[in-house]
Amino acid sequence: MRYTPFRLAIACFAGIILWLSVLFLINRILPGPVWLSYGLFALLSTALLFYCLYRYRFVLQYFRVFDNHPIPMWIYEYGTLRFLAVNRAAIEKYGYTKKEFLSLTLKDIRDPKEIARMMESVRQNRPDAQYRGLWKHRKKDGTDFYVDLYGHDGYYLGKRTRIVMAVDVDAQVKESIEAHELSKRYNLITKATNDAIFDWDLATDKVIWNHGLYSLFGYTPQTGATMDWWLAQVHPDDKDHVTSAFEATLRGPDDYYEAQYRLLCAGGTYKSVLTRAYIIRENGIALRMVGLLQDIDHIVEKKQIIQRLREQNEGLREIARINSHEVRRPLASILGITQLFDKSHQDMSLNNQLIDWLHDSTSQLDEIIHKVEEKVREIEKSN
């Protein structure tokens, strides 16, 4: 297979001349009947033929393995890059007939944008060196897909060639690209948000945090490497309901966890936080938890202020009600009584009765004033 067709033809012609010369020598060396010399020649010829067929069956076996291999394979010629042989898997994968395939070159199954890079790779290939590379190929219908190429040099039909196996890795490469894009988006989100985002591997109890753990609570991400650490920072008054809700979510069918509680900061103060998380399960078993901690301290503080204002408004409304109803009644009685006094002091019994009524009314007014003072003190305490 290392000869050119011309040299192969010369070798065959020389072989025939040599074999005829052997026949001539047999006739000269072994005098006797003609049938003996020709019989010996036929016997040697038959033995040689069987030997050649025996050797050729290994070549046939090789081509059967090549043709029936489930992974696309081909042989191409150096220099021209023309396909010299392709197997069935390549024909099925790329959509060309065998005749069409053998009329193409490597350039015809590539994305035109990658041909220049391919030619540079071909120029850099070292003779007799194995090759492996990831490339994008194109089918007859124009569909692009990724393949992992394995190749090595050889000779075929007297030409220097390379035999190549193309493993379809399109799904794996696209999954890798998608995972890379998701990772990029995740990194952008973690940088864009002020929330503390965590990724907890439940099997190993390892937690990965973004910068929010430091920017919000003052801890380095390495500090909170386990969930035990997180639970230890929960306010003692909130720990029971946080832990019970967390464990119930892990055991139950719900994939979402949410809790509001107070978390200890690195400076020693507590902040109100809201945790939201999604649980990834396999066969009903929780394996991973991804979520975030939101600092809602300012929201809780605003709610407390609003609640205090509401309570103050209730107190003010109560004071207004006392003023408009209860205060006016004794005041009206006092004003009426003072107008009934006998200023000439001729009817002392009437004046004494009016004084008693006046005393009752002022006592009522004093009680009402004390109620107002209590409401005012309640409002001041709420502040």
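Please refer to the structure higher up on the page.
Reading guide: rules and limits
- Residues numbered from 1 in each chain as written.
- Predicted model: local features only at pLDDT ≥ 70, side-chain atom pairs only at ≥ 80, totals over all residues.
- Heavy atoms only, no water.
- Helix = DSSP H or I, 4+ residues; strand = E, 2+ residues; numbered from the N terminus.
- Buried < 20%, exposed > 50% of the residue type's maximum accessible area, 1.4 Å probe, protein only.
- Contact = heavy atoms within 4.5 Å.
- Areas by Shrake-Rupley, 256 points an atom, 1.4 Å probe, with all protein chains shown as cover.
- 1 Å grid on protein atoms, 1.4 Å probe; cavity = no way out; pocket = protein on both sides within 12 Å on 5 of 7 lines; lining within 4 Å.
- Points joined across faces, edges and corners; volume = space filled by probe spheres on them.
- Nonpolar A, V, L, I, M, F, W, Y, C, P; charged D, E, K, R; others polar.
- Pairing = 2+ DSSP bridges.
- Axes fitted to C-alpha atoms, helices over the stretch in contact; angles between N-to-C directions.
- Phe/Tyr/Trp six-rings, centres within 6.5 Å; stacked < 30°, edge-to-face > 60°.
- Lys NZ or Arg CZ within 6 Å of the ring centre and 35° of its normal.

Draft legend 1. Up close: the overall build of the protein. Within the protein, the secondary structure is distributed over 11 helices and 10 strands. Scored against the burial criterion, the 383 residues of the protein give a buried share of 31%. Look at the contacts in the protein between residues 6 or more apart in sequence, and 44% of them connect residues 24 or more apart. Entry remark: accessible area of the protein is about 25,300 Å², with carbon and sulfur atoms responsible for 59%.

Draft legend 2. Broad picture of empty space enclosed by the protein. With the rule as written, the count across this model stands at 2 cavities of 30 Å³ or more. The space that makes up the largest cavity amounts to roughly 140 Å³. For the largest cavity, the lining is made up of 13 residues, of which Tyr 76, Leu 106, Arg 110, Tyr 131 and Leu 149 are closest to its centre. Of all elements in the fold, only β1 (73-77), α5 (115-124), β3 (131-138) and β5 (159-168) reach the threshold of two or more residues within the lining of the largest cavity. In terms of residue count, the dominant contributor to the lining of the largest cavity is α5 (3 residues). Broken down by class, the residue content of the lining of the largest cavity amounts to 9 nonpolar, 2 polar and 2 charged. Of the pockets and cavities examined, the second largest cavity occupies roughly 40 Å³. Looking at the second largest cavity, the residues that line it are Phe 198, Trp 209, Met 227, Trp 230, Phe 246, Tyr 257, Thr 275, Met 289 and Leu 293. Counting residues per element, the ones that place at least two in the lining of the second largest cavity are α8 (227-232) and β10 (285-295). When grouped by side-chain class, the residues that make up the lining of the second largest cavity number 8 nonpolar, 1 polar and no charged.

Draft legend 3. Here's a closer look at the pairing of β5. Here β1 pairs with β5 via 5 bridges, running antiparallel. Within β5, the position partnered with Met 73 by the bridge is Met 165. Examined bridge by bridge, strand β4 (residues 144-156) and β5 share 10 bridges and lie antiparallel to one another. The residue of β5 that forms the bridge with Asp 153 is Arg 162. Joining the antiparallel neighbours β4 and β5 is a turn of 2 residues, in which Leu 157 adopts a positive phi near 55°.

Draft legend 4. Layout of the sheet that holds strand β8 (residues 256-264). Within the open sheet, the 5 strands sit side by side as β7-β6-β10-β9-β8. Their pairing is antiparallel. Of all the strands in the sheet, the pair left with one neighbour each is β7 (206-209) and β8. Geometrically, the sheet is characterised by an average inter-axis angle of 25° between neighbouring strands, direction not taken into account. With 10 bridges joining them, strand β9 (residues 270-282) and β10 adopt antiparallel strand pairing. What sits directly across from Arg 276, in β10, is Leu 292.

Draft legend 5. Inspection of the packing of aromatic side chains at higher detail. For the coordinates displayed, the defined rule picks out 14 aromatic pairs. Taken together, a centroid distance of 5.8 Å and an interplanar angle of 70° make the contact between Tyr 94 and Phe 101 edge-to-face. Like Phe 101, Tyr 94 is buried. Geometrically, the ring pair formed by Trp 230 and Tyr 261 is edge-to-face, given 6.0 Å between the ring centres and 70° between the ring planes. Within this pair, whereas Trp 230 is found in helix α8, its partner Tyr 261 is found in strand β8, the two being separated by 31 residues in sequence. Overall, Tyr 261 belongs to the buried group, its relative accessible area being 2%. Against the face of Trp 135 rests Arg 110, its NZ or CZ located 4.8 Å from the ring centre. Across the ring face of Tyr 78, the terminal group of Arg 160 is positioned such that the distance to the ring centre comes to 3.9 Å.

Draft legend 6. Quick look at the environment of Lys 99. Tracing the chain through its elements places Lys 99 in helix α4 (residues 98-101). Under the relative-accessibility criterion, Lys 99 is labelled exposed at 73%. Residues Lys 99 and Val 86 lie 13 residues apart in sequence; the distance between their C-alpha atoms is 9.9 Å.

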